[in-house]
Amino acid sequence: MAIRNVVKEGDDVLRKTARPVTDFGTRLHTLLDDMAETMYEQNGVGLAGNQVGVLRRVVVIDVGEGLIELVNPEIVKYSGKQEEVEGCLSCPGEYGIVKRPMAVTVKAQDRFGEYRTYEGEGLLARCFCHELDHLDGVIYKDKATRMLMPDEIEA
Ligand code: NI
């Protein structure tokens, strides 16, 4: 495994639409392993392919309940509302308030191409939405109702 460079806001790759994964071989497994290692090393809770410069529809998430790998993910159901603070490894030091569904169901393939369904509430639901947006070139700041001021951010 290897730590990959996390692309920062301003780089075009964050604004591009990632392509579906069609090959579930070693390259994909290495990518997913590297993305997880990079996410943990940066103390993040999620990372999308675009953020490591790879325009493929892959996401890793861990909100403290174990690693989730999503390949070609889609939101198939959502309900409720929440409005909470988000940040992003591609926009270090910044935080904003974003409206998201309270609960989200995601259908995705695993690293072997098998279809699986995940249900997330609260932080996990937010994370699903935030990371899936990255695959379509969307950054949470595009949707933020407002960004936090420096004196609102806890050191
Ligand atoms: Ni992000």
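Reading the values: the criteria
Residues numbered from 1 in each chain as written. Predicted model: local features only at pLDDT ≥ 70, side-chain atom pairs only at ≥ 80, totals over all residues. Heavy atoms only, no water. Helix = DSSP H or I, 4+ residues; strand = E, 2+ residues; numbered from the N terminus. Polar contact = N/O pair within 3.5 Å; in protein donor to acceptor, adjacent residues only side chain to side chain. Phe/Tyr/Trp six-rings, centres within 6.5 Å; stacked < 30°, edge-to-face > 60°. Lys NZ or Arg CZ within 6 Å of the ring centre and 35° of its normal. Expected span 1.5 Å × (residues − 1). Contact = heavy atoms within 4.5 Å.

*Asks:* Residues and numbers for the side chain of Asp34, please.
*Replies:* In this structure, Asp34 sits in helix α1 (residues 26-41). Looking at Asp34, its side chain comes within polar contact range of the main-chain nitrogen of Ala2, at 2.8 Å.

*Asks:* Quick rundown of the packing of aromatic side chains? Include the residues and the values.
*Replies:* Per the counting criterion, the structure on display carries zero aromatic pairs. Against the face of Tyr115 rests Lys107, its NZ or CZ located 5.0 Å from the ring centre.

*Asks:* How would you explain α1 if you had to name every residue and give the values?
*Replies:* Between its first and last C-alpha atoms α1 spans 22 Å; for 16 residues at 1.5 Å apiece the expected length is 22 Å, and the two agree. The elements touched by buried residues of α1 are β1 (46-48), β2 (58-61) and β3 (68-79). Among the residues trailing α1, Asn43 stands out with phi positive, at a value near 55°.

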